[in-house]
Amino acid sequence: MGFTEYVEQFKWALQDEITAVRSSGGQKTFVSDGRHIADREGLNIYSFTADSELRFPDGTRVDIEELIQPFSAKTCRRLIRA
């Protein structure tokens, strides 16, 4: 198999993985100690504590489940200074 065919197979396999994660909802990670840090440009910015380091690209959609009601959010790694 040549390099071009390898790259094409890799692209298909990666797309299959992405589709599987999106359809199954990914994995759950428990966070605690949520703190409201700031309101910027109409967005509420929070910080959470997790048992392990979480690495998500900026803008990754996450669902936060609370005892009362779940809500959706997006990730942001940038430090916000008041």
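Residues numbered from 1 in each chain as written. Predicted model: local features only at pLDDT ≥ 70, side-chain atom pairs only at ≥ 80, totals over all residues. Heavy atoms only, no water.

**Q** How should unusual backbone geometry be read in this particular structure?
**A** Negative phi characterises most residues that are not glycine, and trans characterises most peptide bonds. A positive phi angle, close to 55°, is found at Asp-33, a residue other than glycine. Structurally, the position occupied by Asp-33 is in strand E1 (residues 31-40). Even without glycine at this site, Glu-41 takes up a positive phi of about 50°. Here Glu-41 lies in the loop between E1 and strand E2 (43-50). (Helix = DSSP H or I, 4+ residues; strand = E, 2+ residues; numbered from the N terminus.)

**Q** Is there a simple way to explain the pairing of E2 in this structure?
**A** Looking down a regular strand, the side chains alternate between one sheet face and the other. Sheet topology places E1 next to E2; seven bridges connect them, and they run antiparallel. The residue of E2 that forms the bridge with Arg-40 is Leu-43. Where E1 hands over to E2, the hairpin turn is made up of two residues, of which Glu-41 adopts a positive phi near 50°. (Pairing = 2+ DSSP bridges.)

**Q** Would you take a moment to explain a nonpolar patch on the surface for this structure?
**A** On the surface, Met-1, Phe-3, Tyr-6, Phe-10, Leu-14 and Ile-18 cluster together into a nonpolar patch covering about 700 Å² of accessible area. Residue position: Phe-3 is located in helix H1 (residues 3-24). (Patch = residues over 30% accessible without salt bridge, like charges linked within 9 Å, V, L, I, M, F, W, Y side chains within 5 Å. Areas by Shrake-Rupley, 256 points an atom, 1.4 Å probe, with all protein chains shown as cover. Salt bridge = Lys/Arg side-chain N within 4 Å of Asp/Glu carboxyl O.)

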